[in-house]
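This is what each chain is made of:
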Amino acid sequence: MTNSPLPSEATISFKAICFRAFCYILFVAGAMQLVMLDAQSGVDRFTETSLTELMQLTLLLLGAVMMGYLHRRPSAIPHVSLLMGAFLFASYVRENDYWLDRYVFDGAWQVIVTLVVVPALFVVIRQRHAFVAEFKSISNSLGLGMFTAGFLTTY
């Protein structure tokens, strides 16, 4: 049995894939330029209000929202996107620990992360067969490869 591509990937032309890859490269290169500018500025280098930190928060929240959108589309990958979205949102909350400790209470981020991750894990474990099937369907995709590379680089 071979891994078949997702239906949306099967209809994308080579030209469209190249254009998408080019856009990804431009986005990543632009983001890295902003990080370099932030590092060279000498002002608030990599603090909670630095450009790098704000960009990281934005990307984590955007990724979590995108996974939430995919989760709502049953024809897509609802179980994989639930787990990935929960992980991204938990990372977003963890990155905001300074503000949560300061304005809510010390350790608030642990409570919020637990309230997000435990139900997501419960659903994925109960539906593990569907999760495995979805994961197999995307295991050779460019998107999962990019996500994995970003994950390994960051964590």
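This text follows the structure it describes.
Residues numbered from 1 in each chain as written. Predicted model: local features only at pLDDT ≥ 70, side-chain atom pairs only at ≥ 80, totals over all residues. Heavy atoms only, no water.

Colleague: Can you break down the overall build of the chain residue by residue, with the values?
Modeller: Within the chain, the secondary structure is distributed over 8 helices and 0 strands. Tracing the chain from N to C terminus, the helices and strands come up as α-α-α-α-α-α-α-α. If you line up the chain on its principal axes, its C-alpha atoms span 55 × 40 × 20 Å. Each of the 155 residues in the chain was classed as buried or not, and the buried ones make up 24%. (Helix = DSSP H or I, 4+ residues; strand = E, 2+ residues; numbered from the N terminus. Buried < 20%, exposed > 50% of the residue type's maximum accessible area, 1.4 Å probe, protein only.)

Colleague: Can you break down the nonpolar core residue by residue, with the values?
Modeller: One recurring pattern in soluble globular proteins: nonpolar side chains tend to sit buried together. The biggest cluster of nonpolar side chains holds 14 residues, and the ones touching the most others in it are Val80, Leu88 and Ile138. Of all the elements in the fold, those that place two or more residues in this core are helix H3 (51–71), helix H4 (78–95), helix H6 (108–126) and helix H7 (128–138). Ranked by residues supplied to this core, first place goes to H4 with 5 residues. Setting aside residues up to four positions removed in sequence, Leu88 forms contacts with Leu60, Gly63, Ala64, Met67 and Phe147. Counting 5 residues, the second largest nonpolar core, distinct from the first, contains Val93, Leu100, Ala108 and Val113. (Core = buried A, V, L, I, M, F, W, Y, C linked by side-chain atoms within 4.5 Å. Contact = heavy atoms within 4.5 Å.)

Colleague: Describe the environment of Leu88, and please don't skip the residues or the numbers.
Modeller: Mapping Leu88 onto the fold places it in helix H4. Take Leu88: its relative accessible area is 12%, and that puts it in the buried class. In this structure, the C-alpha to C-alpha distance between Leu88 and Ala64, residues 24 residues apart in sequence, is 5.2 Å.

Colleague: Which residues make up the packing of aromatic side chains, and what are the values?
Modeller: All chains considered together, the criterion is met by 5 aromatic pairs. Relative to Trp99, the ring of Tyr98 lies with its centre 4.8 Å away and its plane at 80 degrees, an arrangement referred to as edge-to-face. Given a relative accessible area of 34%, Tyr98 falls into the partly exposed group. Grouped by ring-pair contacts, the aromatic residues Tyr98, Trp99 and Tyr103 constitute a single cluster. For the cation-ring pair, Arg94 lies above Trp109, with the distance from its terminal atom to the ring centre recorded as 4.7 Å. (Phe/Tyr/Trp six-rings, centres within 6.5 Å; stacked < 30°, edge-to-face > 60°. Lys NZ or Arg CZ within 6 Å of the ring centre and 35° of its normal.)

Colleague: Report on H7, specifying residues and quantitative values.
Modeller: Regarding H7, the residues found buried are Phe131, Glu134 and Ile138. All buried residues of H7 lie within an arc of 70 degrees about the axis, which places them on one face of the element. Every exposed residue of H7 that faces more than 90 degrees away from the buried side is listed here: His129 and Lys136. (Arc of directions from axis to C-beta.)

Taken by themselves, the reported measurements are silent on function.
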